[in-house]
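Summary of structural features
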Amino acid sequence: MMPTKRPSHSTSSPPRTMSRVLLALCAALLATSPSVMADTPHTAGVSFERVYVDYEIAEDGSFSRTAEVVRRYDTAQGVQQYGQIRLGFQPSRGDAEFIAAHVEQSDGRTIAVDHTRVHLQESYPHPEAAIYTDRKRKSLVLPDLRPGSLASVTSRESIRDPEFPGHFSATEWRSVHFGLRDARIRFTAPASMPLFVEVHDAEVEREELEGKVRWTISMKVEDPWPREALGVAPMDYSPRVAVSSFHDYASFANAYAEMIDGSRAVTPGIQALADELTHGLDDPLEQARALYEWVAGNIRYVAIHLGRGGWIPHAAQEVLERRYGDCKDHVVLLSALLDAKGIRNTPALVQSGNSWWMPEHPSLQAFNHMIVHLADFDLYLDSTARYADFGVLPLEVSDKTALMLDDGRLLRTSGVSAEVNRAAIEQRLKLNKDGTIIGESTVRNSGQLAIIDRAGFAANASVPDAQFVAHFLGQAGEHGTGRLQRPVTDTLGAEVETTLHYTLTTATTTNTAGNLPITRGVRFGGIQQFGRM
């Protein structure tokens, strides 16, 4: 797992009711109605008067980042949501501190803030999070905030031990959904460290100092607008700058490959396991399938962020012995097993989530996940997606630019296709003489839909069938009783089939000549669920 990765096998609860979806849709349409937007300027609850950021970069790649941020709180919701300022850091690699802070009220009063009174927390405080980390978080609570308050906070973060020694990269962006009067971002680096600077919707200046070079980027957001539901990441279309000391992606891939060199070693234990799992299989593709399904089903997803562990995997043999690891650990083990059978493969870096933008020059922030590419079959494998069939990627990493570590090529991962992703709903209805209806609805899903079904039912294994039945009947606007036939969630490679047997107790009237009201039955799942997300 890379520093910002979320488990690809995250699960979901049963689909929301249609009434909630309609309410949410109406609210979204109202919020984006041109007439409403024209009458009321958009605010996200807080806007930014000033954002000044200064990077001081050393030749070894270490750096400090000093930021002065002045926020204007526009609404009570903004006070509630953004009234705490947080700084994340790793004590083993760097530090973070608040330098100064104060609050200005609309009546002219200024409230001094004791910037040393911070709350130190774990970065991942949830006890059930599958993450082990030495990351910490410092929080500063701003006092007496109210709509109209202006808060100024200056902080400094430092990195002593960079992920790539001798190199530097950073991405800074400001969301178009928040008003911004003035932003100035400066990067000062030794002249011996050439920096490649890419800007979008921003102005850039370069100046040479004594033995150093300084880049100054200016940006603003004068007309913020509401964020659309289920859209791409705001960074992809907001003012931004990407800075990197890497000349191209091939050099970045080579540097990273050297860092993890040896982690994919084929040990006697890995060779023995590969031979056992592929016994009787002569087709390399079927061998790869067997190896993938074993790793996906037997290696638990656990992220480990200790020191530079956000980027450095454990040795494949260690992952095999512990039976857990993050995306990088999954990759090195699966890659070693494939190597043991002579199946060509390469680790590949990719951006998981709803961001598609890639800077021209490599940046660490452009990647947060690792998968495996089978070169001879042009297939991508993500074994952290516990419920994904062989060769099927979760939506989060589908149709994304991926960096091949073995040769530095940029390729495109497989997208969503009708050939792989299929949904079928079959219904049988029997009308009784008394007007009641006995029905059976069967949903068969494959591809990404199968991932959703397996993950959802596995996560809700303890939910009584009666609760599911009531939900599906209510969603269809029907009344009755039923029995649920759940899908098999721990077997990959087959369609996911779910069946609901039900009896509708609302009688259908057939007394009037020529009048036979027809029910739609109880439909659930299938491709239609994407319309309810």
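Residues numbered from 1 in each chain as written. Predicted model: local features only at pLDDT ≥ 70, side-chain atom pairs only at ≥ 80, totals over all residues. Heavy atoms only, no water.

A few points about the environment of V118
If you trace the backbone, V118 turns up in the loop between β5 (110-112) and β6 (119-122). On the accessibility criterion, V118 (29% relative accessible area) is partly exposed. Considering only alpha carbons, one finds V118 and R137, 19 residues apart in sequence, at a separation of 9.6 Å. The contact partners of V118, leaving out residues within four places of it in the chain, are F98, S139 and L140. (Helix = DSSP H or I, 4+ residues; strand = E, 2+ residues; numbered from the N terminus. Buried < 20%, exposed > 50% of the residue type's maximum accessible area, 1.4 Å probe, protein only. Contact = heavy atoms within 4.5 Å.)

Quick look at the packing of aromatic side chains
Applying the stated criterion across every chain yields a total of 19 aromatic pairs. Residues F164 and Y256 carry aromatic rings whose centres are separated by 6.0 Å and whose planes lie at 50 degrees to one another, so their mutual orientation is tilted. Of this pair, F164 sits in the loop between β9 (150-159) and β10 (169-173) while Y256 sits in helix α4 (residues 249-259), and the two are 92 residues apart along the sequence. For the pair shown, F164 and Y256 are each scored as buried. Pairing W225 with Y237 gives two aromatic rings, centres 5.5 Å apart and planes at 25 degrees, and the pair type is stacked. Within this pair, whereas W225 is found in the loop between β14 (212-221) and β15 (240-244), its partner Y237 is found in the loop between β14 and β15, the two being separated by 12 residues in sequence. Of the aromatic side chains, those joined through ring pairs into one cluster are F164, F246, Y249, F252, Y256, W311 and F367. When the ring centre of F89 is taken as origin, the NZ or CZ atom of K138, which lies over that ring, is 5.2 Å away. Lying over the aromatic face of Y52, R184 brings its terminal NZ or CZ to 4.4 Å of the ring centre. (Phe/Tyr/Trp six-rings, centres within 6.5 Å; stacked < 30°, edge-to-face > 60°. Lys NZ or Arg CZ within 6 Å of the ring centre and 35° of its normal.)

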